[in-house]
Amino acid sequence: MGRVENKVAFITGAARGQARAHAIRLAEEGADIIGVDSLAADPYASYPMGTQADLDETIALVEKAGRRMIGVKADVRDRAALQAALDQGLAEFGRLDIVCASAGISPPGRPLWEIDPAQWSGVLDVNLTGVFNTLAVTVPALVAAGNGGSIVLTASGAGLKSPQNLGDYNASKAGVVALGKTLANELAAQRIRVNVIAPGTVGTPMVTENEETFKLFRPDLEKPTLEDARPVFAMMMPMGEPWVDPVDIANAVLFFASDEARFVTGQVLAVDEGMTNKAF
């Protein structure tokens, strides 16, 4: 216990999913949390987005773990809103040590040439520009503090393997990898470490409540369900589980955030049951 004791983490997308797991896991190990979420539906996400009730639940779970959390409505596309959220957190907690850029959306799948330009822009605005905005707001605070720090970006196995019919999503997540590697070079002298996690399929609403994802995996069915898609998910995974749990990603975030990874930077870690390493 106490691997990030008395540190403060800024987490985007904190109302639910992977980012909620990050907030809880870091809190369990001693961190206070500044959590932001857009708390709004997105036209290119075909599954439920986080709500105020979800963010309140994340706060309650962090408090149950014995730490404090500020939850703020802020869209990663809005740099001014992110800055205001960070300023509120700094006023409350007095420091910043960890940044988790986790907010993202998964769009409907279709061949690259059939992707609507508005969808292309919408996906990249959240998944890539949103990460850029998060970094642009938080890095100056980390540098000014002079205490080093850890930045963890959430990419995707899709950004490494480029599955078909997800060109916009793949491009956005490959861009996150490039941002992380670039920033790791730029911040190494300040002892601010930057690493990237590339999750495989994770059991969050983005997967388990996403009818468009079910259709990608079961195109033979008119209206596939999660149970229809589950065997295909499992078949893709070398270790045989249909998906990993959010806490599996959160444990990787904790490692990168802790002093155990004090000399680890510029790395991309796939947490995916070996999916991206498959030979065929």
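Residues numbered from 1 in each chain as written. Predicted model: local features only at pLDDT ≥ 70, side-chain atom pairs only at ≥ 80, totals over all residues. Heavy atoms only, no water.

Asker: How would you summarise the sheet that holds strand β6 (residues 192-199) if you had to cite specific residues and measurements?
Answerer: Spatial strand order, β3-β2-β1-β4-β5-β6-β7: 7 strands in an open sheet with parallel pairing. Edge positions in the sheet fall to β3 (69-73) and β7 (268-271), since each of these pairs with one other strand and no more. Each strand of the sheet is rotated relative to its neighbour by a mean of 15 degrees, with strand direction disregarded. Taken together, the 6 bridges between strand β5 (residues 149-154) and β6 define a ladder with parallel strand orientation. What sits directly across from L153, in β6, is V196. Packed on one face of the sheet, helix α2 (residues 52-64) meets β2 (32-37) and β3 and runs near 170 degrees to β3. (Pairing = 2+ DSSP bridges. Helix = DSSP H or I, 4+ residues; strand = E, 2+ residues; numbered from the N terminus. Axes fitted to C-alpha atoms, helices over the stretch in contact; angles between N-to-C directions. Contact = heavy atoms within 4.5 Å.)

Asker: Which residues make up the pairing of strand β1 (residues 8-12), and what values do they have?
Answerer: For β1, a buried count of 5 out of 5 residues is recorded, marking the element as mostly surrounded by other parts of the structure. Burial of the side chains of β1 extends over both faces: V8, F10 and T12 are buried on one face and A9 and I11 on the other. Alignment of β1 against β2, held across 5 bridges, turns out to be parallel. Pairing of T12 across the sheet is with V36, part of β2. Relative to strand β4 (residues 98-101), β1 runs parallel, the two being bridged by 3 bridges. Counterpart to A9 in the pairing with β4 is I98. (Buried < 20%, exposed > 50% of the residue type's maximum accessible area, 1.4 Å probe, protein only.)

None of this, on its own, says anything about what the molecule does.
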